[in-house]
Protein chains: 2
Amino acid sequence: MKIWIKNATIITVNENFDVLKNSHVYIEKNKIVHVGKKIPFVPDKIINAKNKVVMPGLINSHTHIAMTLLRNFSDDISLEEWLFKNVFPVEDKLSKEDIYYGAKIGIIEMIQNGTTAFNDMYFFTESIVKAADELKIRAMIGRGMSNADQNVVEEIYNLVRNNKTELISFNIAPHATYTNNKNGLKLALNLSKELKLPIHIHLNETKNDSKKCIKDFKKTQLQLLNDLGYLERHLILAHSIWISNADLHLIENKNVSLVHCPISNAKLASGIMGVNEYLKRGINVSIGNDGPSSNNTLDMFQEMKFASLVSKLKENNPKGLDARKIIEMATVNGAKALGYNNLGRIKKDYLADLIIIDISNISHTPNNNIVNSIIFSTTGYDVDTTIVNGKILYENKKFKIINQNEINKTIKIVNSITKKFK
Amino acid sequence: MKIWIKNATIITVNENFDVLKNSHVYIEKNKIVHVGKKIPFVPDKIINAKNKVVMPGLINSHTHIAMTLLRNFSDDISLEEWLFKNVFPVEDKLSKEDIYYGAKIGIIEMIQNGTTAFNDMYFFTESIVKAADELKIRAMIGRGMSNADQNVVEEIYNLVRNNKTELISFNIAPHATYTNNKNGLKLALNLSKELKLPIHIHLNETKNDSKKCIKDFKKTQLQLLNDLGYLERHLILAHSIWISNADLHLIENKNVSLVHCPISNAKLASGIMGVNEYLKRGINVSIGNDGPSSNNTLDMFQEMKFASLVSKLKENNPKGLDARKIIEMATVNGAKALGYNNLGRIKKDYLADLIIIDISNISHTPNNNIVNSIIFSTTGYDVDTTIVNGKILYENKKFKIINQNEINKTIKIVNSITKKFK
């Protein structure tokens with residue numbers, strides 16, 4: 001389909017971070033084919049974006065989407081207690097079908113809130129693939145590995161080899177260094193090489209897991225991964241709060257992305273990532289919501305505002321991360337984390353993943369600075385339209401990809417699944 | 001009017017923090033007359049609150065509501081630079097009428113987001129009184145004083161003596177110790193005594209203003225206020241981040257309320273209030289959005305979530321402030337700050353300021369814990385209905401107190417006022 005989005009304010013997130021007023025975006029099939037003032041062709045569909053902002057879709061680059069099932073299930077508790085005492089026992093009760101519905105409700109929430117792609121790690125991954133494919137969101141999905149056995153390896157082979165989707169790619173996802181021994185980590189690395197897939201792992205999330213690695217392996221997590229050969233791969237490192245400065249050279253000039261999950265990291269009192277230091281060294285940093293159970297929403301706008309606020313606290317400096325840096329983290333840096341070099345900008349030849357935001361409402365009045373308002377005043381509810389790969393998934397705050405009856409049915413089923421937790 | 005709110009989940013915020021399922025609230029005139037299971041009278045109006053939460057209205061207990069005009073005007077900057085270089089020069093250009101429209105758009109946003117009362121400090125206070133009175137929100141309003149001259153004193157006399165509103169009370173508002181000399185502070189104290197009004201002041205917001213007081217007055221801010229006699233008055237102390245532990249005994253067992261404004265305090269890199277320490281000592285702590293220019297929204301739900309998250313970071317403890325404490329801060333503690341002992345709970349004989357929240361939507365699915373969901377998953381957009389003093393101001397997400405044309409006109413005017421800032 002050929003789509004003309006007209007009269008928009010465009011936050012392009014191009015290399016100059018140009019913000020265009022009263023301009024147009026043209027989409028043909030799954031690509032952006034023109035951005036600017038002129039009108040190159042007759043479209044199949046016109047979207048009027050007067051008084052609205054067009055920007056690249058947000059990329060939630062670390063989550064466990066099916067954990068939506070555990071939203072508000074266990075709060076005000078540390079990562080270790082939360083994970084081992086509360087989360088893992090409940091996860092044992094979840095079926096393949098439960099995971100499908102958990103992923104589905106989470107993906108619906110993401111599309112509504114302007115997220116167009118996500119990077120996942122969980123189990124019953126075929127259910128997550130099914131939900132993502134049905135709802136036409138872009139995704140990179142990984143099967144969590146904790147000293148994985150042959151069944152898990154078979155599952156991964158099947159997942160990758162039988163993939164018939166257009167928008168879903170895969171990663172190899174050893175859970176963490178504290179849930180894998182050296183053989184588990186080596187197995188994951190070998191799979192990554194064999195299947196030519198990136199590696200997605202939790203790294204230095206808490207002081208405790210950082211200490212545990214030194215105790216168990218006599219080296220830091222990055223040293224351990226480096227010695228094994230991980231740092232020659234495309235790596236996605238979630239959290240990365242407690243990386244020691246002495247190790248930073250190991251990830252400079254590598255295909256490594258760190259994922260900042262500030263709400264989850266605060267909620268579990270894990271700490272605050274030193275984002276500015278990483279960015280200054282040229283390391284790619286993106287943003288993720290983490291699982292909705294430690295957040296407890298899937299609103300990347302809330303995550304971006306919080307990223308700004310905690311950066312100022314962390315550095316004791318009101319400049320902190322400015323709006324531009326944060327928007328880049330949530331868009332083009334996220335695209336890089338997921339392995340795309342033609343995603344995350346409103347730019348000719350880029351993939352047509354974009355969102356339209358209403359800035360004419362009360363909470364954006366007055367609008368003294370449009371870019372800043374995206375960080376400080378916008379929430380997911382201000383998203384009007386979500387387009388992924390040139391397809392309109394959500395328009396004028398209504399889903400196009402799923403009808404209201406099916407949403408209501410999904411809400412009902414998800415609520416009934418939680419009876420298992422009692 | 002007699003209102004029956006039926007079939008609700010009620011977060012009562014009573015002394016036991018009872019959460020009642022499938023229960024009723026009855027309102028007669030401006031009071032709650034019954035809470036529970038039975039049906040005491042035939043109402044004029046029935047509100048069905050099935051799958052919804054009823055809770056006390058939120059109290060924004062420190063703000064400068066007309067600063068909505070400066071939303072997103074100056075971000076990523078320290079308090080001192082922000083205030084002296086950017087804010088004060090622009091404020092000099094604002095007219096009485098501008099302040100009216102700034103207050104009006106801010107109050108509309110608060111009502112939409114479930115805030116039923118606010119505590120203000122600003123200038124052209126008669127305009128703020130006018131906007132609050134027209135929109136029927138509860139308010140305590142103070143005329144900011146910085147070494148006030150006779151004109152300001154006259155303004156305050158007129159404001160208080162000519163008040164014909166039902167829902168508006170006043171405070172005496174010396175801006176801070178760094179914008180007043182000893183005579184300015186004494187003048188405010190005497191006015192407070194003469195007019196029998198509380199005092200509302202910024203206290204220990206930043207490390208710098210705390211140091212400046214010691215330099216200028218050879219004592220801490222609380223010692224200075226204590227020596228002057230402030231601590232025998234009803235005092236509302238905004239921010240209160242850098243109070244020294246040695247001074248805490250000065251405010252124990254006094255009619256003193258501290259107001260936590262965590263978003264503003266992070267945005268300006270002022271610091272994080274040690275709320276738990278204050279609460280443990282029995283000191284009343286409430287929550288405020290501060291001016292929308294340093295936030296940049298008026299959403300108390302966002303403020304509550306952020307209060308939870310930063311408390312966990314501050315204390316390096318995932319328990320931090322739990323959901324109950326934060327809801328109390330935003331309701332009954334706010335009521336105490338504003339001088340009410342019959343406000344902030346869903347309880348017989350309390351004033352009928354309450355809100356109804358939709359928890360049947362996607363971002364509340366599943367709902368494993370209703371109280372926690374209010375802190376971690378709810379935003380102002382989930383507010384369905386806002387009732388102040390028994391009057392429905394907003395119902396089913398539509399304003400009852402102002403029509404859409406007037407809202408649109410207000411948005412237009414507010415946007416046009418900002419042309420002065422260029």
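Everything numeric in this text was worked out from a predicted model, so none of it was measured.

1. A look at the overall build of chain A
Along the backbone of chain A there are 14 helices and 17 strands. Taking 422 residues into account, the globule formula puts the C-alpha radius of gyration at 22 Å, and chain A, at 21 Å, falls close to it. Along the longest, intermediate and shortest principal axes, the C-alpha atoms of chain A span 60 × 45 × 40 Å. Expressed as a percentage of its 422 residues, the buried residues of chain A come to 68%. The contacts in chain A between residues at least 6 apart in sequence include a share of 73% that link residues at least 24 apart. If the 55 positive side-chain charges of chain A are averaged to one point and the 43 negative ones to another, these points end up 3 Å apart.

2. Describing the relation of the copies chain B and chain A
Overlaying chain B on chain A yields an RMSD of 0.0 Å, the required transformation being a rotation through 180° with an accompanying axial translation of 0.0 Å. A rotation of that kind, with that shift, is consistent with a two-fold axis. Closest to the rotation axis within chain B is the C-alpha of Tyr381(B), separated from it by 3.6 Å. A share of 100% of the interface residues of chain B reappears at the interface of chain A, consistent with the copies meeting face to face through the same patch.

3. As for helix α11 (residues 323–330) of chain B
For α11(B), the buried fraction is high: six of the eight residues fall into the buried class. Those residues of α11(B) that sit buried are Ala323(B), Ile326(B), Ile327(B), Glu328(B), Met329(B) and Ala330(B).

4. What about helix α2 (residues 96–112) of chain A?
When the terminal C-alpha atoms of α2(A) are compared, their 25 Å separation across 17 residues agrees well with the 24 Å that a helix rising 1.5 Å per residue should span. The element α2(A) is largely enclosed, with a buried count of 15 among its 17 residues.

5. Observations regarding the pattern of salt bridges
Residue and element names in this part refer to chain A. The tally for this structure, following the rule as stated, stands at 49 salt bridges over all chains. Across the pair Arg 138 and Asp 353 runs a salt bridge, and its minimum N-O distance is 2.7 Å. Taken together, the positions of Arg 138 in strand β8 (residues 138–145) and Asp 353 in the loop between α12 (332–337) and β14 (354–358) put the pair 215 residues apart, joining distant regions of the chain. A relative accessible area of 3% means that Arg 138 is categorised as buried.

6. So, the packing of aromatic side chains
Given two aromatic rings, their pairing is described by the distance between the two centres and the angle made by the two planes. For the structure on display, the rule yields 18 aromatic pairs over all chains. Between Tyr381(A) and Tyr381(B), the aromatic rings sit 5.1 Å apart at their centres with planes inclined by 5°, giving stacked as the arrangement. Here the residue Tyr381(A) occupies a position in the loop between α13 (370–376) and β15 (383–388), and Tyr381(B) occupies one in the loop between α13 (370–376) and β15 (383–388), the pair thus bridging two chains. By relative accessible area, Tyr381(B) is classed as partly exposed at 23%. When the ring of Tyr100(B) is compared with that of Tyr101(B), the centres are 4.8 Å apart and the planes differ by 75°; the resulting orientation is edge-to-face. Cation over ring: Lys130(A) sits above Tyr100(A), and NZ or CZ is 4.1 Å from the ring centre.

7. A closer look at the domain arrangement of chain A
Residue and element names in this part refer to chain A. As far as domains go, chain A holds domain 1 (2–57 + 343–402) and domain 2 (58–337). Here domain 1 and domain 2 share an interface that buries about 2,800 Å² over both sides, 71% of which is from carbon and sulfur atoms. Here domain 1 and domain 2 share one salt bridge between them. Connecting domain 1 to domain 2 are seven residue pairs in polar contact (both at pLDDT 80 or more). Only β5 (52–56), β14, α13, β15 and β16 (391–395) provide two or more residues apiece to the side of domain 1 that touches domain 2. Per element, the largest residue contribution to the side of domain 1 that touches domain 2 is five residues, and it comes from α13.

8. Considering the UniProt feature "binding site: Zn(2+)" (unreviewed entry) in chain A
Residues and elements named next belong to chain A. Taking the numbering used here, the UniProt-annotated feature "binding site: Zn(2+)" (unreviewed entry) corresponds to His 62, His 64, His 202 and Asp 290. Taken together, the annotated residues stretch across 229 residues yet fold into one region, lying no more than 11.7 Å apart by C-alpha. For His 62, the location among the structural elements is in strand β6 (residues 58–63). Examined against the element boundaries, His 202 turns out to sit in strand β10 (residues 199–203). By relative accessible area, which is 6% here, His 202 ends up buried. Discounting residues that sit within four places of it in the chain, His 202 has contacts with His 62, His 64, Met 121, Pro 174, His 175, Ala 176, Gln 221, Ala 238 and His 239.

9. Concerning the interface of chain B and chain A
Across the boundary between the two partners, chain B contributes 65 residues, which contact 65 residues of chain A. Carbon and sulfur atoms supply 59% of the area that chain B and chain A bury against each other, a total of about 4,900 Å² over both sides. The interface formed by chain B and chain A holds three salt bridges in total. Between Lys319(A) and Glu81(B) there is a salt bridge, with the nearest N and O atoms lying 4.0 Å from each other. Summed over the shared surface of chain B and chain A, the number is 29 residue pairs in polar contact (both at pLDDT 80 or more). Going through the elements one at a time, α2 (96–112), α8 (262–267), α10 (300–315), α13 and α14 (404–417) of chain B are the ones with two or more residues in the side of chain B that touches chain A.

10. Let's talk about the nonpolar core
Proteins that are soluble and globular tend to have nonpolar side chains buried together. Counting 246 residues, the largest nonpolar core has Ile107(A), Leu237(A), Ile251(A), Leu258(A), Ile107(B), Leu237(B) and Ile251(B) as the members making the most contacts within it. Among all residues touching Ile107(A), those that are not within four sequence positions of it are Ile65(A), Phe118(A), Ala131(A), Ala132(A), Leu135(A) and Ile137(A).

11. Side note on unusual backbone geometry
Here the amide bond leading from Asn295(A) into Asn296(A) is cis, since omega sits at 5°, within 30 degrees of zero. Following Thr365(B), the chain continues to Pro366(B) via a peptide bond in cis, the omega torsion being -5°. Mapped onto the elements of the fold, Pro366(B) is located in the loop between β14 (354–358) and α13. Unusually for a residue other than glycine, Phe17(A) sits at a positive phi of about 55°. Even without being a glycine, Lys218(A) presents a positive backbone phi close to 60°. As for its position among the elements, Lys218(A) is in the loop between α6 (207–217) and α7 (221–228).

12. Section: the packing of helix α10 (residues 300–315) of chain A against α10(B)
It is the contact of α10(A) with α10(B), at a shortest axis distance of 12 Å, that shows an interaxial angle of 45°. With respect to α10(B), the axis of α10(A) lies oblique. The chirality of how α10(A) crosses α10(B) is right-handed. Side by side, α10(A) and α10(B) meet where Gln302(A), Lys305(A), Phe306(A), Leu309(A), Val310(A) and Leu313(A) of the first sit next to Gln302(B), Lys305(B), Phe306(B), Leu309(B), Val310(B) and Leu313(B) of the second. Residue classes in the contact of α10(A) with α10(B) are distributed as eight nonpolar, two polar and two charged.

13. A look at the side chain of Thr116(B)
Residues and elements named next belong to chain B. Inspection of the secondary structure puts Thr 116 in strand β7 (residues 115–122). With relative accessibility at 0%, the residue Thr 116 sits in the buried group. The residues contacting Thr 116, other than those within four sequence positions of it, are Gly 57, Leu 58, Ile 137, Arg 138, Asp 353, Leu 354, Ile 355, Thr 386, Ile 387 and Val 388.

14. Regarding the pairing of strand β12 (residues 256–260) of chain A
All names here are of chain A. Within β12, five of the five residues are buried, which leaves it mostly tucked inside the rest of the structure. Here β12 shows a buried face lined by Val 256, Leu 258 and His 260 and a second buried face lined by Ser 257 and Val 259. Of the strand pairs in this sheet, strand β11 (residues 235–239) and β12 are connected by four bridges, and their pairing is parallel. The residue bridging Leu 235 from the neighbouring strand is Val 256, located in β12. Summarising the sheet, β12 and strand β13 (residues 284–287) pair through four bridges and their orientation is parallel. Across the sheet, Val 259 pairs through a bridge with Ser 286, a residue of β13.

15. Describing the side chain of Arg233(A)
Residue and element names in this part refer to chain A. Structurally, Arg 233 is set in the loop between α7 and β11. There is no salt bridge for the buried Arg 233, and the closest opposite charge comes from Glu 232, which lies 9.0 Å off by N-O distance. A polar side-chain atom of Arg 233 sits 2.7 Å from a polar atom in the side chain of Ser 192. Excluding residues that lie within four positions of it along the chain, Arg 233 makes contacts with Leu 189, Ser 192, Lys 193, Lys 196, Leu 197, Ile 199 and Asn 255.

Quick notes on the rules
Residues numbered from 1 in each chain as written. Chains lettered and ligands numbered in written order. Predicted model: local features only at pLDDT ≥ 70, side-chain atom pairs only at ≥ 80, totals over all residues. Heavy atoms only, no water. Helix = DSSP H or I, 4+ residues; strand = E, 2+ residues; numbered from the N terminus. Rg over C-alpha atoms; globule rule 2.2 N^0.38 Å. Buried < 20%, exposed > 50% of the residue type's maximum accessible area, 1.4 Å probe, protein only. Contact = heavy atoms within 4.5 Å. Lys, Arg positive; Asp, Glu negative; His and termini not counted. Charge placed at Lys NZ, Arg CZ, Asp CG, Glu CD. Least-squares fit on C-alpha atoms with pLDDT ≥ 70 in both. Expected span 1.5 Å × (residues − 1). Salt bridge = Lys/Arg side-chain N within 4 Å of Asp/Glu carboxyl O. Phe/Tyr/Trp six-rings, centres within 6.5 Å; stacked < 30°, edge-to-face > 60°. Lys NZ or Arg CZ within 6 Å of the ring centre and 35° of its normal. Domains from an automatic or database assignment. Buried area = accessible area lost by both parts, 1.4 Å probe. Polar contact = N/O pair within 3.5 Å; in protein donor to acceptor, adjacent residues only side chain to side chain. UniProt positions renumbered as here; feature names shortened; annotations may be inferred. Core = buried A, V, L, I, M, F, W, Y, C linked by side-chain atoms within 4.5 Å. Axes fitted to C-alpha atoms, helices over the stretch in contact; angles between N-to-C directions. Parallel < 35°, antiparallel > 145°, perpendicular 65-115°, else oblique. Left-handed = near helix turned anticlockwise from the far one by under 90°. Nonpolar A, V, L, I, M, F, W, Y, C, P; charged D, E, K, R; others polar. Pairing = 2+ DSSP bridges.

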